[in-house]
Amino acid sequence: ANDRTELNLYDFDGARGGYTANLNLDMLDAAVYPTRGYRLLSRAFFGREVFGSDLNYTKVALDAQLVGSVKKHTFTAELNAGSSLGTDLPEFDMFTAGGPERMEAFRTDEFRGQVFGVAALTWYHQIKGSPSPYSTSWYVGAKIEAGNAWRNPDNAGLDDLHFCASISLMSKTLLGPLAVTYARAEEGSDAITITLGRLTSFFD
């Protein structure tokens, strides 16, 4: 891992090895724009010397989502959180927040740390389309988010959260979900993003 930021970070040249544990429970009624159900994704990584690793650390992460609908109005509550459990994560494997689908008004991976948490409430409404998977469905939506990532776990707290809100025009197409989003943060930063297809999450 090489530092290209000119921020005097460190370079790393060595082996990264360990073992992972995953527990995933998905009871959503659809992979894209679900209308009801819940999902729990969890993952742990243990870097250990016994696997030839030059770095010993632990990384655990959780993504919980609850979805419900009233007629064509859908509401979701989601919590993403992670911790190093007191170990020292390397710079290239820290938790991040910021960018599409996670604090969208900020730059991608703007916040980095040993622990992180992002909570989001989302509403979306289908304005056109049918249940057929071969038709194009259109949605409008809005989201509010609060979160941060902390390099020092002792500094993590609710009084140090960043807030942002966004509005989106979304479509379910044969090429995957399409979304055009405008997001603005409490600090005044904003962003316009266009995404096609599903984004790779930190569980992948």
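In the block above lies the structure referred to throughout.
So, a few notes on the structure that sits alongside this text. (Residues numbered from 1 in each chain as written. Predicted model: local features only at pLDDT ≥ 70, side-chain atom pairs only at ≥ 80, totals over all residues. Heavy atoms only, no water.)

### Notes on the nonpolar core
Counting 17 residues, the largest nonpolar core has Met103, Phe106 and Cys164 as the members making the most contacts within it. Taken together, the elements giving at least two residues each to this core come down to strand 3 (57-70), strand 5 (95-97), strand 7 (115-128) and strand 10 (176-185). Not counting chain neighbours up to four residues away, the residues in contact with Phe106 comprise Gly98, Gly99, Phe111, His162, Phe163, Cys164, Ala185, Glu187 and Ser189. By size, the runner-up hydrophobic cluster in this structure holds six residues, among which are Val32, Tyr33, Tyr124 and Ala179. (Core = buried A, V, L, I, M, F, W, Y, C linked by side-chain atoms within 4.5 Å. Buried < 20%, exposed > 50% of the residue type's maximum accessible area, 1.4 Å probe, protein only. Helix = DSSP H or I, 4+ residues; strand = E, 2+ residues; numbered from the N terminus. Contact = heavy atoms within 4.5 Å.)

### Topic: the environment of Ala185
Looking at the element boundaries, Ala185 is found in strand 10. Measuring from C-alpha to C-alpha, the distance between Ala185 and Met103 comes to 8.4 Å, with 82 residues separating the pair along the chain. If sequence neighbours within four positions are ignored, Ala185 has contacts with Ala105, Phe106, Phe163 and Cys164.

### Things to note about the pattern of salt bridges
Scanning all chains against the criterion turns up 10 salt bridges. Through salt bridges with shared partners, a single network forms among Arg16, Lys59 and Asp93. (Salt bridge = Lys/Arg side-chain N within 4 Å of Asp/Glu carboxyl O.)

### What about the sheet that holds strand 3?
Overall, antiparallel pairing links the nine strands, which are arranged 1-2-3-4-7-8-9-10-11 in an open sheet. Sheet topology places strand 1 (18-26) and strand 11 (190-196) at the edges, where each strand pairs with a single neighbour. Ignoring strand direction, the axes of neighbouring strands in this sheet form an average angle of 15°. Pairing between strand 9 (residues 162-173) and strand 10: 10 bridges, direction antiparallel. Bridge pairing in strand 10 places Ile167 opposite Tyr182. (Pairing = 2+ DSSP bridges. Axes fitted to C-alpha atoms, helices over the stretch in contact; angles between N-to-C directions.)

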